[in-house]
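Below are the chains, spelled out letter by letter.
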Amino acid sequence: MSLIALVVCLSLGSGAFASHLQGGIMTFSPKGRNPDGTFRVDFRYKESFRNGCHQEFYWPCRSGNCGQNTYFQYGKIDDDPLGGGWCQAEGVMTRSIASDKPFELSESSCCWSSDSYSPLSWQLLTYVDLGTRSDTRQPNRSPVTTLPPIIRVPQNCPITYRLLAHDPDGDRVRCRYGFKQNFECYNCSQHVDFHFDENTCAITYVRSLTRVHIFEIVMEDFPRQYISVTYRDNTSSVRSPLPLSRRRRAIATPSLTDYQTISTTKYPPTSSTSPLSKIPLQFIIQVDNDVPSCTFGDYRPKLLPPTPAHGAFLNATVDHVFEISVRAQAFYSVIYDIKISGPLNITKSFQYDDINKTGQAFIQWTPNVNDLDEHVPICFIAETRDGYQSEVRCVVVIVGRNYIRSGEAEIECTENTMRIAVLKSSVRGIHESHLRLNDPSCTLTSNGTHVVAIMSLHSCGTQLEEDHKFLIFKNEITSFDNLNDIITRKHLVEIGFSCSYPKTGNVSFEFKARRIPYVFTESGFGRFTYQFEFFSSNLYNRMIDSRSYPVTAELRDMLYMDIVATSSLPNTQLFVESCRATPHDDPNDPVFYDIIRNGCLLDNTLQVFPSNRTEYRFGMEAFAFIGQYEEVYISCMVILCQAGNPYTRCAQGCTNGTSIYDGHHLQKRDLVSQTARHYISQGPVRLARSSGSAVSQVNLSPNIVFVAGTLLAAIGLLCGVVIYKAKISKVQYKALPTADL
């Protein structure tokens, strides 16, 4: 056999193994730093093939410093129960990366699964930027998304597929077709038979010939306000929100060279609309022959309760089994499977009820400690033996800590305190002296049977969360080997506990210094955040760095503050109802000074600067509390409203506090027009000593020393005369307090 023939045969053999791709997806999440200072990033990617699961993606570095893999796991997620139709697998890899500058990972080979005789190669690209965001003080996390292996639609049934496009940082996500010049795709086809809405990530099928359509989508995230991204080499870039576009397709995005960092001192003039990250979402939509009826529930399965709604947010806890029940019905066809796409180690069990023509799947997954705080996407779709599919639904699972089970501890909540008594037998092998609260300076006590902790709601590292009905105070008891250790290889105890209070109750809370953005979730408003920061000037172009806290100021220096609200809703308005200063880190401190009350400005040095309707910029002269107080904390009560609605508190502005729209007097129809009031806080501001008080550090000239010496001698002579006269008259004198002199 000639050399050329051998090469051709090897190429065909390799192509046969690597062919029949049905989709590829990548997401990533920074996980902090390793002990050597390098950055740790977890990547999750999915690859789907027609001829069984096999690892094909390795994600070599295309540009930048991509680091190296330190961990890898690969496994099947789901496949065709009849065999041979499709298979989806997930790879989980951890990379150690020395630089926080942007880099790109790419993957390419041949061939797509297609009804075309010509093989179509594939190419995917992931863009990562590990610079520190000014709004979250953390590196950016990519959007999360997933999709079942293949989507099928009858030729005669128009439908809209809403791709899951959730961002853990609350950024705005845009979906678009990939660009060949950016190495984001190989074919880069755009489909005239489908309408693609980039702003909502929705694909609407109208009409097409029966064929396979390959979608090579790029998913990008953009901040909802101007932010800076700072790197370890002291360079930074500014990222701006992406304006909403009504066009079907946006202009080509910049390549990696366009993302390189720039030194900047102000924005938005130097800002860039380049995305914070780019991830691939590539999949197939197969158009099949006509179906007798397009109505879901006839031939095409209809999803039934208790199936979660599309886009729902569900909660899971570490080391506990999380379960979703998916149920579907089709009267004129047999449901044989419910496809799933989710994290590695997800499982499902399927059963079919021939009498009621329903299929039901129980999807289970147990998150581990590495999944803590992750936003994990899971999608599912029901399919019949004839290939008819239901709608695609996807949910986001937010992983939290494993909170204590009943029977292991007793929790008592009072108006101002929390008490937890942990049964010693439930933490065997751990000495009680090796248990601590969030704040290790708070001590635990014990009796013969229990370890006991009692704390106020604003102490011992207690954290506040809330929903639309309750304030929830949370703390945790954990084990340690040594207070100075940062790792342990012994059995770890994590006992979370909480107390919930209706929002109509009165509770206090200690706010920690240098807060990250406050995150809330309320019915009608979804997830929204408040960020409260100090700035160096009224230009608001340089935020006070977190490492500079506490903020130091002289008396009468101007303090510049900024409150920004970020919401997924486009038509919102921020209202600052009150602000007060306190000498301690407690907004309910009995010593306080009102700056704003009932929306009215009270301090005569207060200035409000121009800003948009979701931002409040204000400044005032620095002051000190009289007495032995060195610090000042600023706490504000804020509300987010539906903009333009005259029946909200935001629309009332300055009032005397008795408006019919104030507080709990809102009518029920107006409750979704505004959020509850939320306390946000920032500080401390530490007042610097004035130069006149630092006498010991002043270099005195000889003339000043002479004058001072003469003055002291005169005072000494005067005191001698006073004492002499006192002895003569035998009148007793007492020294007056200094304040009376």
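Residues numbered from 1 in each chain as written. Predicted model: local features only at pLDDT ≥ 70, side-chain atom pairs only at ≥ 80, totals over all residues. Heavy atoms only, no water.

With respect to the overall build of the protein
Helix and strand counts for the protein stand at three helices and 44 strands. Looking at the protein as a whole, 49% of its 741 residues are labelled buried. (Helix = DSSP H or I, 4+ residues; strand = E, 2+ residues; numbered from the N terminus. Buried < 20%, exposed > 50% of the residue type's maximum accessible area, 1.4 Å probe, protein only.)

A look at the state of the cysteines
If you walk through the whole model with that rule in mind, you get ten disulfides. One disulfide bridge connects cysteine 157 with cysteine 294, the sulfur atoms lying 1.9 Å from each other. A torsion of -90 degrees about the S-S bond marks the disulfide between cysteine 157 and cysteine 294 as left-handed. Of the two residues, cysteine 157 is situated in the loop between β9 (150–154) and β10 (159–162) and cysteine 294 in the loop between β17 (277–288) and β18 (302–304); the sequence distance between them amounts to 137 residues. Residue cysteine 175 pairs covalently with cysteine 201 via a disulfide, S to S 2.0 Å. Classification of the bridge connecting cysteine 175 and cysteine 201 rests on its S-S torsion, roughly 95 degrees, and on that basis the disulfide is right-handed. With cysteine 175 in strand β11 (residues 172–177) and cysteine 201 in the loop between β12 (194–197) and β13 (202–205), this residue pair connects regions lying 26 residues apart in the sequence. With a relative accessible area of 2%, cysteine 201 lands in the buried category. (Disulfide = S-S within 2.5 Å.)

Observations concerning the packing of aromatic side chains
Tallying each qualifying case throughout the model produces 22 aromatic pairs. Geometrically, the ring pair formed by phenylalanine 535 and tyrosine 540 is tilted, given 5.2 Å between the ring centres and 55 degrees between the ring planes. Assigned by exposure class, phenylalanine 535 and tyrosine 540 land together as buried. Seen in terms of ring centroids, tyrosine 540 and phenylalanine 609 are 5.9 Å apart; in terms of plane orientation they differ by 65 degrees. Their pairing is edge-to-face. With tyrosine 540 in the loop between β35 (526–535) and β36 (551–553) and phenylalanine 609 in strand β41 (residues 607–609), this residue pair connects regions lying 69 residues apart in the sequence. The two residues tyrosine 540 and phenylalanine 609 agree in class, both being buried. (Phe/Tyr/Trp six-rings, centres within 6.5 Å; stacked < 30°, edge-to-face > 60°.)

Points about the sheet that holds β12
Here three strands make up an open sheet; going across it, the order is β10-β13-β12 and the pairing antiparallel. Only two strands of the sheet have a single partner each, and these edge strands are β10 and β12. Across the sheet, the mean angle from the axis of one strand to that of its neighbour is 15 degrees, orientation sign disregarded. Inspection of the sheet shows β10 paired to β13 by four bridges, in the antiparallel sense. In the sheet register, tyrosine 161 faces β13, and the bridge partner there is isoleucine 203. (Pairing = 2+ DSSP bridges. Axes fitted to C-alpha atoms, helices over the stretch in contact; angles between N-to-C directions.)

Topic: the nonpolar core
One finds Phe43, Phe283 and Ile285 to be the most contacted residues of the largest nonpolar core, which totals 53 residues. It is β17 that provides the largest number of residues to this core, a total of six residues. Apart from residues no more than four positions distant in its own chain, phenylalanine 283 is found in contact with Gln22, Gly23, Trp112, Leu147, Leu163, Ile203, His213, Ile214, Phe215 and Ile217. Membership of the second largest hydrophobic core comes to 35 residues, among which are Phe520, Phe532, Leu559 and Leu606. (Core = buried A, V, L, I, M, F, W, Y, C linked by side-chain atoms within 4.5 Å. Contact = heavy atoms within 4.5 Å.)

Some points on the confidence of the model for the protein
When pLDDT is averaged along the protein, the result is 78, and 75% of the positions lie at 70 or above. For the protein, per-element mean pLDDT is lowest for helix α1 (residues 3–18), which scores 38, and highest for strand β3 (residues 61–63), which scores 97. In this model, residues 246–270 is a region of pLDDT below 50 whose contacts with residues beyond four sequence positions or in other chains number 60 contacts. When the criterion is pLDDT under 50, residues 483–491 qualifies, and its contacts beyond four places in sequence or with other chains add up to six contacts. (pLDDT = per-residue confidence, 0-100.)

Here's the deal with the pattern of salt bridges
Tallied over the entire structure, the rule returns 31 salt bridges. Where salt bridges share partners, they join Arg133, Asp135, Arg141, Asp169 and Asp171 into one cluster. (Salt bridge = Lys/Arg side-chain N within 4 Å of Asp/Glu carboxyl O.)

Things to note about the side chain of aspartate 171
Looking at the secondary structure, you find aspartate 171 in the loop between β10 and β11. We classify aspartate 171 as buried; its relative accessible area is 5%. One polar contact links aspartate 171 to arginine 133, side chain to side chain, over a distance of 2.6 Å. Excluding residues within four positions of it along the chain, aspartate 171 makes contact with Arg133, Asn140, Asp221, Phe222, Pro223, Arg224 and Leu276. (Polar contact = N/O pair within 3.5 Å; in protein donor to acceptor, adjacent residues only side chain to side chain.)

Considering the sheet that holds strand β15 (residues 227–230)
If you walk across this open sheet you meet the three strands as β8-β15-β16, and the pairing is antiparallel. Since the sheet does not close on itself, it has two edges, and those belong to β8 (132–133) and β16 (236–239), each with one partner.

Describing the pairing of β17
In regular strands, side chains alternate between the two faces of the sheet. Of all twelve residues making up β17, eleven are buried, and the element is well covered by its neighbours. Bridge analysis of strand β1 (residues 21–33) against β17 gives two bridges, and the strand direction is antiparallel. Pairing of isoleucine 25 across the sheet is with leucine 281, part of β17. Inspection of the sheet shows strand β14 (residues 212–222) paired to β17 by ten bridges, in the antiparallel sense. Counterpart to phenylalanine 215 in the pairing with β17 is phenylalanine 283.

Re empty space enclosed by the protein
Under the criterion given, the structure shown has five cavities of 30 Å³ or more. When its volume is computed, the largest cavity comes out at roughly 250 Å³. Lining the largest cavity are 24 residues; nearest its centre among them are Thr27, Arg44, Val144, Glu374 and His375. Contributing elements (two or more residues each) for the lining of the largest cavity: β1, β2 (39–49), β5 (87–97) and β24 (375–384). Looking at which element gives the most residues to the lining of the largest cavity, the answer is β1, with five residues. Tallied by class, residues from the lining of the largest cavity come to nine nonpolar, seven polar and eight charged. (1 Å grid on protein atoms, 1.4 Å probe; cavity = no way out; pocket = protein on both sides within 12 Å on 5 of 7 lines; lining within 4 Å. Points joined across faces, edges and corners; volume = space filled by probe spheres on them. Nonpolar A, V, L, I, M, F, W, Y, C, P; charged D, E, K, R; others polar.)

Section: the environment of glutamine 329
Within the secondary structure, glutamine 329 sits in strand β20 (residues 322–329). We classify glutamine 329 as buried; its relative accessible area is 17%. Residues glutamine 329 and leucine 303, 26 residues apart in the sequence, show an inter-C-alpha distance of 6.6 Å. Sequence-distant contacts of glutamine 329, that is, excluding residues within four places in its chain, are made with Gly297, Arg300, Pro301, Lys302, Leu304, Ile335, Asn356, Lys357 and Thr358. At 2.9 Å, the side chain of glutamine 329 forms a polar contact with the backbone oxygen of asparagine 356.

Some details on unusual backbone geometry
Cis geometry is found at the peptide bond from proline 305 to proline 306, where omega equals 10 degrees. Here proline 306 shows up in the loop between β18 and β19 (313–317). Residue glycine 683 is joined to proline 684 through a cis peptide bond whose omega torsion reads 5 degrees. Inspection of the secondary structure puts proline 684 in strand β44 (residues 678–687). In this model, arginine 137 sits at a positive phi of 60 degrees, which is unusual for a non-glycine residue. Relative to the helices and strands, arginine 137 is located in the loop between β8 and β9. Phi at tyrosine 540 is positive, roughly 55 degrees, even though this residue is not glycine.

Quick word on the environment of phenylalanine 39
Locating phenylalanine 39 in the fold gives a position in strand β2. A sequence separation of 56 residues divides phenylalanine 39 from arginine 95, and the C-alpha atoms of the two residues are 8.0 Å apart. Setting aside its immediate chain neighbours within four residues, phenylalanine 39 contacts Gly32, Arg33, Asn34, Arg95, Ser96, Ile97, Ala98, Ser99, Asp100, Leu130 and Arg232.

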